[in-house]
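If you want the building blocks of each chain, they are given just below.
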Amino acid sequence: MLTRSAHTDTFARDKLPAPETWPDFMLDGFDYPDRLNAGVELTDAMVSRGFGDHTALIGNGRRRTYKELADWTNRLANALVDDLGLKPGNRVLIRSANNPAMVACWLAATKAGAVVVNSMPMLRAAELTKYVEKAQITHALCDTRLMDELTACAKDIDILQKVVGFDGTSNHDAELDRLALEKTVQFDAVETAADDVALIGFTSGSTGNPKATMHFHRDLLIIADGYAREVLKVTPDDTFVGSPPLAFTFGLGGLAIFPLRFGATATLLENAAPPNMVEIIETYRATVCFTAPTAYRAMLQAMEEGADLSSLRAAVSAGETLPAPVYEAWQAKTGKPMLDGIGATEMLHIFLTNRFEDHRPACTGKPVKGYEAKVIGPDGAELPRGEVGRLAMRGPTGCRYLGGEKQNEYVQDGWNISGDAFLQDQDGYFHFAARNDDMIISSGYNIAGPEVEAALLAHDAVSECAVIGVPDEERGAIVQAHVVLTENTNPDGATTKALQDHVKSVIAPYKYPRSVIFTDALPKTETGKIQRFRLRDA
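This section reports on the structure supplied with the text. Bear in mind the structure is a predicted one, so any value in this text is a computation, not a measurement. (Residues numbered from 1 in each chain as written. Predicted model: local features only at pLDDT ≥ 70, side-chain atom pairs only at ≥ 80, totals over all residues. Heavy atoms only, no water.)

When helices and strands are counted, the protein chain shows 17 helices and 25 strands. Against the compact-globule benchmark of 24 Å for 538 residues, the protein chain has a radius of gyration of 23 Å, which places it among compact chains. Reported as C-alpha extents along the three principal axes, the dimensions of the protein chain are approximately 70 × 55 × 50 Å. Counting only residues that meet the buried cut, the protein chain has 59% of its 538 residues in that class. Taking the intrachain contacts of the protein chain between residues at least 6 apart in sequence as the baseline, contacts between residues at least 24 apart amount to 67%. When the accessible surface of the protein chain is split by element, carbon and sulfur atoms take 47% of a total near 20,900 Å². (Helix = DSSP H or I, 4+ residues; strand = E, 2+ residues; numbered from the N terminus. Rg over C-alpha atoms; globule rule 2.2 N^0.38 Å. Buried < 20%, exposed > 50% of the residue type's maximum accessible area, 1.4 Å probe, protein only. Contact = heavy atoms within 4.5 Å. Areas by Shrake-Rupley, 256 points an atom, 1.4 Å probe, with all protein chains shown as cover.)

What follows concerns the pattern of salt bridges. Evaluation of the coordinates by the stated rule reveals 28 salt bridges. Across the pair Arg 400 and Asp 219 runs a salt bridge, and its minimum N-O distance is 3.1 Å. Taken as a pair, Arg 400 in the loop between β17 (389-394) and α14 (407-410) and Asp 219 in helix α9 (residues 217-232) lie far apart in primary sequence, 181 residues in all. For the pair Arg 400 and Asp 219, one class covers both residues: buried. (Salt bridge = Lys/Arg side-chain N within 4 Å of Asp/Glu carboxyl O.)

Further remarks concern empty space enclosed by the protein. Where empty space is left can be seen by rolling a probe of water-molecule size over the atoms. One pass over the structure, following the stated rule, counts five cavities of 30 Å³ or more. As a volume, the largest cavity reaches approximately 110 Å³. Residue lining of the largest cavity: twelve residues in total, with Thr 294, Pro 323, Leu 457, Cys 465 and Ile 530 positioned closest to the centre. Within the residue set of the lining of the largest cavity, elements represented by two or more residues are α12 (293-304), α15 (449-457) and β23 (462-472). In this structure, the second largest cavity occupies an estimated 50 Å³ of space. As for the second largest cavity, its lining consists of Arg 64, Trp 72, Leu 76, Ala 101, Cys 105, Phe 166, Asp 167, Ser 170, His 172 and Asp 177. (1 Å grid on protein atoms, 1.4 Å probe; cavity = no way out; pocket = protein on both sides within 12 Å on 5 of 7 lines; lining within 4 Å. Points joined across faces, edges and corners; volume = space filled by probe spheres on them.)

In an α-helix there are 3.6 residues to a turn, and that puts residues three or four apart on one side. With 17 residues, helix α4 (residues 66-82) should cover 24 Å at 1.5 Å per step; its first-to-last C-alpha distance of 24 Å lies within 8% of that length. Those residues of α4 that sit buried are Tyr 66, Leu 69, Ala 70, Asp 71, Trp 72, Thr 73, Asn 74, Leu 76, Ala 77, Asn 78, Ala 79 and Leu 80. (Expected span 1.5 Å × (residues − 1).)

We now examine the packing of α12 against helix α13 (residues 324-334). Axis separation between α12 and α13 bottoms out at 10 Å; the angle between their running directions is 35°. At the point where α12 passes α13, the crossing takes the left-handed sense. Two secondary-structure elements touch here, α12 through Pro 293, Tyr 296, Arg 297, Met 299, Leu 300, Met 303 and Glu 304 and α13 through Val 326, Ala 329, Trp 330, Lys 333 and Thr 334. Broken down by class, the residue content of the contact of α12 with α13 amounts to eight nonpolar, one polar and three charged. (Axes fitted to C-alpha atoms, helices over the stretch in contact; angles between N-to-C directions. Left-handed = near helix turned anticlockwise from the far one by under 90°. Nonpolar A, V, L, I, M, F, W, Y, C, P; charged D, E, K, R; others polar.)

This paragraph deals with the layout of surface pockets. Volume-wise, the second largest pocket comes out at about 840 Å³. Lining the second largest pocket are 36 residues; nearest its centre among them are Pro 274, Thr 294, Ala 295, Arg 297 and Ala 298. Here the lining of the second largest pocket takes seven residues from α12, the largest share from any one element.

Strand order in the open sheet formed by three strands is β23-β24-β25, with mixed pairing between adjacent strands. One side of each edge strand has no neighbouring strand; the edge strands of this open sheet are β23 and β25 (515-518). Each adjacent strand pair in this sheet contributes to an overall mean axis angle of 25°, direction not counted. Sheet contacts for α15: β23 and β24 (476-485); angle to β23, the most-contacted strand, approximately 145°. (Pairing = 2+ DSSP bridges.)

With that settled, the discussion passes to unusual backbone geometry. Phi is positive for Lys 406, close to 60°, though the residue is something other than glycine. Position of Lys 406 relative to the elements: it lies in the loop between β17 and α14. Positive phi values are uncommon outside glycine, yet Asp 413 reaches one of about 55°.

So, about the nonpolar core. As a rule of thumb, soluble globular proteins bury nonpolar side chains together. Residues Trp 106, Leu 141, Leu 176, Leu 232 and Phe 258 are the most contacted members of the largest nonpolar core, which totals 87 residues. Top element by residues in this core is helix α5 (residues 100-111). It accounts for nine residues. Contact partners of Trp 106, with chain neighbours within four places excluded, come to Leu 42, Ile 94, Val 116, Asn 118, Leu 199, Leu 220, Leu 252, Ala 256 and Ile 257. (Core = buried A, V, L, I, M, F, W, Y, C linked by side-chain atoms within 4.5 Å.)

Before going further, it helps to spend a moment on the environment of Ala 125. If you trace the backbone, Ala 125 turns up in helix α6 (residues 125-135). Filtering out sequence-adjacent residues up to four positions away, Ala 125 remains in contact with Glu 149, Ala 152 and Cys 153.

Per the counting criterion, the structure on display carries eleven aromatic pairs. Summarising the aromatic geometry, the rings of Tyr 296 and Trp 330 are spaced 5.1 Å apart at their centres and angled 70° between planes, so their arrangement reads as edge-to-face. Of this pair, Tyr 296 sits in helix α12 while Trp 330 sits in helix α13, placing them 34 residues apart in sequence. Assigned by exposure class, Tyr 296 and Trp 330 land together as buried. With a centroid separation of 5.4 Å and an interplanar angle of 75°, the aromatic rings of Phe 422 and Phe 432 are classed as edge-to-face. Here Phe 422 is found in strand β19 (residues 415-424), whereas its partner Phe 432 is found in strand β20 (residues 430-435), with ten residues between them in sequence. Residue classification places Phe 422 among the buried positions, given a relative accessible area of 0%. Put simply, the rings of Tyr 227, Phe 240, Phe 250, Phe 258 and Phe 290 touch in pairs and so form one group of aromatic residues. Note that Lys 366 overlies the ring of Tyr 429, its terminal NZ or CZ placed 4.4 Å from the centroid. Its end group placed over the ring of Phe 216, Arg 400 keeps NZ or CZ at 3.7 Å from the ring centre. (Phe/Tyr/Trp six-rings, centres within 6.5 Å; stacked < 30°, edge-to-face > 60°. Lys NZ or Arg CZ within 6 Å of the ring centre and 35° of its normal.)

So, on to the environment of Asp 379. Relative to the assigned elements, Asp 379 resides in the loop between β16 (372-376) and β17. Judged by its relative accessible area of 66%, Asp 379 falls in the exposed class. Along the sequence, Asp 379 and Ala 455 sit 76 residues apart, while their C-alpha atoms lie 32 Å from each other. At 3.0 Å, the side chain of Asp 379 forms a polar contact with the backbone nitrogen of Ala 381. (Polar contact = N/O pair within 3.5 Å; in protein donor to acceptor, adjacent residues only side chain to side chain.)

Written as structure tokens, this is what we have:
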């Protein structure tokens, strides 16, 4: 039963899917008051707890303490309400790269009771228009360096009433900043309900029509009080770094919510290429890193060349399956485990993970505190241990699609069905097999692309690779490997045969790639996730 909403614009609550289509929510151990504002909890409440002088955010050449962050977000919130007419429940789009100014805008809008939609800099006007129309967005806050596409979007759409620029460089030289500088540092935050929608996250789907997921104020704290507290064991002494955009829930959790919930520090990079992350880790002695396996491979190479990454105590890998060779190389080089985990925009963050004291190669571990998981067959029944099937999970967070779009596909019998193929071993550990659409059926055999990728990556000649299935008249499909070679390796027939023979020697021979294509680079998202669908489309 939902509590009384603080939203005067009721769009978000009206667009929640029908309650009978929700997954089972398991909230034991996650106790919050009925009135809860996540923006306040991550700023003013932290100052009240004595963290005012601690550094909260580092980015674009400056530091911002928790007191400065609380004051600035209050000024911004006053400007949003007084000058831009923001009402509780209005949807606010924020368009920016990862920087402290974006975090401040997100927190300010949340304090003012808005429902925030964070978006990536790479989106163009047509894509932004889909967001605006689907979420009925009324206000947009944009880094002035990225205004062109948003201006083009606003020109042809009446829903978007206010488009205002902010200074992503933190120099306060933009319209929103100038409005905020005239405001008081006091703001009476909207007393939102714990179950008021605070965030709409769009999935990074490959279909061109992303779905919108709805998350409550309590959900934003649950992922910190669950995964970040139980698994990462975050303390105020931690400094976070990472590559995922704040526009994705993985990045928002790992680079904003988690550090701010515990009085730690977040370092934010607009360009989080591995060399830049290496520099930040060395400069600020970062302790917790969130990025994809491809970046960790580059960081391993940087350490071979003399980089000092010894300050890192936690290396979190998600977004792509973690190949065993990368896990083992990291362990050998640093003496510390790499924490492989899996999450989903629908679940908000990671729900299955390895742990510091309990980790295995080529394994995604066990459920995070408060979550349950199982592997099911086509009929929804749980499969015996060791059999590959669909992953089903439930816990304190879960899927609520805006307007109920395809809700019945993702949620079945109270469980969230992620679209991932997994097996659970006899000891209860979960092992990723493939995305359901990454399973390759060749001559009647089920072949998991990531397993072939892991075998290839164990060869010294392979820098990166992606495996897909391609149609074949004789076998139905064959395994095709797209390979980026290491320097000074020739992309010739001899290398192809060497890679094929290597795969046959480490996994079942029928799984070897019958087609090998050498390439200079693989298509990737901003988070470093390989876009296999683009290889299939090509």
